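Observations on the three-dimensional arrangement
The residues making up each chain are set out below.
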Amino acid sequence: MSKTLIAFFSASGVTAKLAKTLADSIGADLHEIKPAQPYSSEDLDWTNKKSRSSIEMNDKSFRPAIDNKVDDMEQYDRIFIGFPIWWYVAPTIINTFLEQYDLTGKKIIPFATSGSSDMGKTNAGLQSSCKGATLCEGKRFDAGAKAAELKSWAEKF
């Protein structure tokens, strides 16, 4: 029997709400990716080139530390990974998350929230962090996406 995990990073709560709706709609386990150092509003100011998020996103090798791990990752064969779009890609904390597990044979499905950006080059930025896994084409959702829309999309995988 296959088991599904919804893992997500949410800077402002928007992605968290979407991830919970997705998990509830498909009966999946839910895991919040928590940064070891939480992001403040100043850290998230993308207009400030010296903000923490700007510095992290300008160095694609940067891997922010994570405060928690998934127990028994081997039990999951489908992992939906949610995040806000930053600079047309996933925040580098998503790479940190993916790189700490053996993903061999797993299916990784990104989903994102954004005010207006699409998925951009998200998969290109995540591919090297998904060794041994199948990285599927992801989708950006509006903050108010309904359970039926999320379930219909998720069932394709």
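Residues numbered from 1 in each chain as written. Predicted model: local features only at pLDDT ≥ 70, side-chain atom pairs only at ≥ 80, totals over all residues. Heavy atoms only, no water.

Moving on: a negative patch on the surface. Taken together, the side chains of D71, D72, E74 and D102 present a region of like negative charge at the surface. Looking at the secondary structure, you find D72 in the loop between α2 (52-58) and β3 (78-84). For D72, a relative accessible area of 47% gives the class partly exposed. (Patch = residues over 30% accessible without salt bridge, like charges linked within 9 Å, V, L, I, M, F, W, Y side chains within 5 Å. Areas by Shrake-Rupley, 256 points an atom, 1.4 Å probe, with all protein chains shown as cover. Salt bridge = Lys/Arg side-chain N within 4 Å of Asp/Glu carboxyl O. Lys, Arg positive; Asp, Glu negative; His and termini not counted. Charge placed at Lys NZ, Arg CZ, Asp CG, Glu CD. Helix = DSSP H or I, 4+ residues; strand = E, 2+ residues; numbered from the N terminus. Buried < 20%, exposed > 50% of the residue type's maximum accessible area, 1.4 Å probe, protein only.)

Moving on, we get to the layout of surface pockets. Vacant regions in the atomic arrangement are exposed by a probe of water-molecule size rolled over the atoms. The calculated volume of the largest pocket comes to roughly 460 Å³. Considering the residues around the largest pocket, the lining is formed by 18 residues, among which W46, I85, W86, W87 and S114 are closest to the centre. Looking at the lining of the largest pocket, its residues break down into nine nonpolar, nine polar and no charged. (1 Å grid on protein atoms, 1.4 Å probe; cavity = no way out; pocket = protein on both sides within 12 Å on 5 of 7 lines; lining within 4 Å. Points joined across faces, edges and corners; volume = space filled by probe spheres on them. Nonpolar A, V, L, I, M, F, W, Y, C, P; charged D, E, K, R; others polar.)

What follows concerns the packing of helix α1 (residues 14-26) against helix α5 (residues 147-154). Contact pair α1 / α5: the axes reach a minimum separation of 9 Å and the direction vectors enclose 65 degrees. Judged by the inter-axis angle, α1 sits roughly perpendicular to α5. α1 and α5 meet at a crossing whose hand is right-handed. Here α1 contributes L18, T21, L22, S25 and I26 to the contact with α5, which in turn contributes A147, L150, K151, W153 and A154. (Axes fitted to C-alpha atoms, helices over the stretch in contact; angles between N-to-C directions. Parallel < 35°, antiparallel > 145°, perpendicular 65-115°, else oblique. Left-handed = near helix turned anticlockwise from the far one by under 90°. Contact = heavy atoms within 4.5 Å.)

Those places that UniProt annotates as "domain: Flavodoxin-like" (unreviewed entry) correspond, in this numbering, to residues 4-157. Counted over residues 4-157, helix gives 27% and strand 18%. Its end C-alpha atoms are 11 Å apart. (UniProt positions renumbered as here; feature names shortened; annotations may be inferred.)

What follows covers the nonpolar core. With 30 residues, the main nonpolar core has I33, I81, F83, I94, F97, L98 and I108 as its most contacted residues. Of all the secondary-structure elements, those providing two or more residues to this core are β1 (4-8), β3, α3 (92-99) and β4 (107-113). Looking at this core, the element that brings in the most residues is α3, giving four residues. In contact with I94, other than residues within four places in its own chain, are F9, I33, I81, G82, F83 and L126. Within the second largest apolar cluster, 16 residues are counted, among which are L18, C136, L150 and A154. (Core = buried A, V, L, I, M, F, W, Y, C linked by side-chain atoms within 4.5 Å.)

Moving on, we get to the pattern of salt bridges. The tally for this structure, following the rule as stated, stands at seven salt bridges. R52 is the salt-bridge partner of E56, the closest N and O atoms lying 3.0 Å from each other. Of the two residues, E56 and R52 are both situated in helix α2; the distance of four residues between them amounts to about one turn of the helix. For the pair formed by E56 and R52, the shared burial category is buried. With a shortest N-O distance of 4.0 Å, K151 and E155 are connected by a salt bridge. With relative accessibility at 36%, the residue K151 sits in the partly exposed group. Taken together, the shared-partner salt bridges in this structure form one network comprising D43, R52 and E56.

For the rest of this paragraph, the subject is the pairing of β3. Counting buried positions along β3 gives seven out of seven residues, so the element sits mostly inside the fold. On β3, burial covers both faces: R78, F80, G82 and P84 on one face and I79, I81 and F83 on the other are all buried. The sheet contact formed by β3 and β4 spans seven bridges and is parallel. In the strand pairing of β4, F83 is matched with A112. Each parallel crossover has a hand, and for β3 linked through α3 to β4 it is right-handed. (Pairing = 2+ DSSP bridges. Right-handed = clockwise from strand over helix to strand, strands pointing away.)

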